[in-house]
Amino acid sequence: MKSPYPLFIRPTAEETRVVYALLAAHTPGGVPILHSEPKDASDAGNSTSAPRTGSSALPNVLDSVIGTILSQNTSSQNYTRAKSCLDATFGTGEAAFGRMANAEVGEVARAIKCGGLANKKANTIQTLLKSVKAKHGKYNLQHLHTEEIPNCDAMRELVSYKGVGPKTAACVLSFCLGRQAFAVDTHVFRLARMLGWVPEDANPVEAQAHLELRIPSELKYGLHVMLVKHGRTCRGCRYEGKGSCPLKAWLLERNM
C-alpha cells in the first residue's frame, strides 16, 4: 500500500511519539490498552461484539461491522438505542442475521430509526449480510480473527463490502479484532490537519491511508482513541476555540 501523498513526510515517527506522550499525560486514565483477541475462532459463531469480561468467547465480527455502521453520524446514546432495538427485533447470532437479511427493508429501518439515517443504514446492513452469505455461504466473518490473515487482507475484505469504508473497517480491526489500525473520524481528521500531519487539501479517506503508513504500528490504537477523546473535550483546539490546549502549546513551542 502506498501513501496518496508520497512526498509528504509528516508525521515523523518521533513527532507521533511526542504527541502520543503529550496526550497520555492529559488524557484521564492515561493510555488506552488494546486487548488482542485469542485466535481460536472455532467456537465463536454466535458470540457478540461486546467486550469480553473474562470469557474466552470472541466478539462477533459481523455484529461489530453492523454496530459500526449504526454508529455513523449519530451520538453514542442514539447508537446504543438503535443497536438495542435492532437486537430486540431480530435477536443476535447467525439465525438473527438471516432474519435481518430477509426482512422487508422497512422493518429493519423502523428498528433502527432512533439512530438516524435509518433507510440508508438498513439498506447497507442488508446488502452487507447478503454479500457475506454469498461469499462465505453463511452469515459469519469469524475467520478474520485468525493470525493467518494479516491486517491488510482483513482490511481488504471488509472494504470490499458495499457501504463499509476504510474508517468503519479500521474501527472493526481495532475494537473487535484487537489489531493495530488507525481510523480517521472527524475529530482525528481535524487534529491531524491542525498538527500538519496531512496536506491542507487532504480528505479523510486519503488522510487515513497516509497516516496508516506514517504512524508506528504500536501507537495506532492508543493515538486514535486519545485524539478522539481530546477532540471531543478540548475547547482550546476547536475552530476559534478559547482556552488552553496541550497540542497547540506544543505546536507553538515547536515553531518558535
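Refer to the structure above for everything that follows.
Here the structure is a predicted model, which means the values were calculated and not measured.

(A) A look at the overall build of the protein chain. Looking only at helices and strands, the protein chain has twelve helices and zero strands in total. The secondary structure elements of the protein chain, listed N-terminal to C-terminal, are α-α-α-α-α-α-α-α-α-α-α-α. Taking 2.2 N^0.38 as the reference for a compact globule, 256 residues should give roughly 18 Å; the C-alpha atoms of the protein chain span a radius of gyration of 19 Å, in line with that estimate. In terms of its C-alpha atoms, the protein chain occupies a principal-axis envelope of roughly 60 × 40 × 35 Å. Expressed as a percentage of its 256 residues, the buried residues of the protein chain come to 48%. For the protein chain, the exposed surface amounts to about 13200 Å²; the carbon and sulfur share of it is 53%. Computed over 31 positive and 22 negative side-chain charges, the inter-centroid distance for the protein chain is 6 Å.

(B) Focus on the environment of Gly91. If you trace the backbone, Gly91 turns up in the loop between α3 (76-90) and α4 (94-102). Gly91 sits in the partly exposed class, given a relative accessible area of 22%. Residues contacting Gly91, with those up to four places away along its chain left out, are Leu86, Ala96 and Arg99.

(C) Highlighting helix α10 (residues 204-214). Buried within α10 are the following residues: Ala207, Gln208, His210, Leu211 and Glu212. Tucked into the core, α10 has its buried residues touching α7 (151-159), α8 (166-175), α9 (186-195) and α11 (220-233). One side-chain oxygen at the N-terminal end of α10 lies 3.1 Å from the backbone nitrogen of Val205; it belongs to Asn203.

Criteria and cut-off values
Residues numbered from 1 in each chain as written. Predicted model: local features only at pLDDT ≥ 70, side-chain atom pairs only at ≥ 80, totals over all residues. Heavy atoms only, no water. Helix = DSSP H or I, 4+ residues; strand = E, 2+ residues; numbered from the N terminus. Rg over C-alpha atoms; globule rule 2.2 N^0.38 Å. Buried < 20%, exposed > 50% of the residue type's maximum accessible area, 1.4 Å probe, protein only. Areas by Shrake-Rupley, 256 points an atom, 1.4 Å probe, with all protein chains shown as cover. Lys, Arg positive; Asp, Glu negative; His and termini not counted. Charge placed at Lys NZ, Arg CZ, Asp CG, Glu CD. Contact = heavy atoms within 4.5 Å. Polar contact = N/O pair within 3.5 Å; in protein donor to acceptor, adjacent residues only side chain to side chain.

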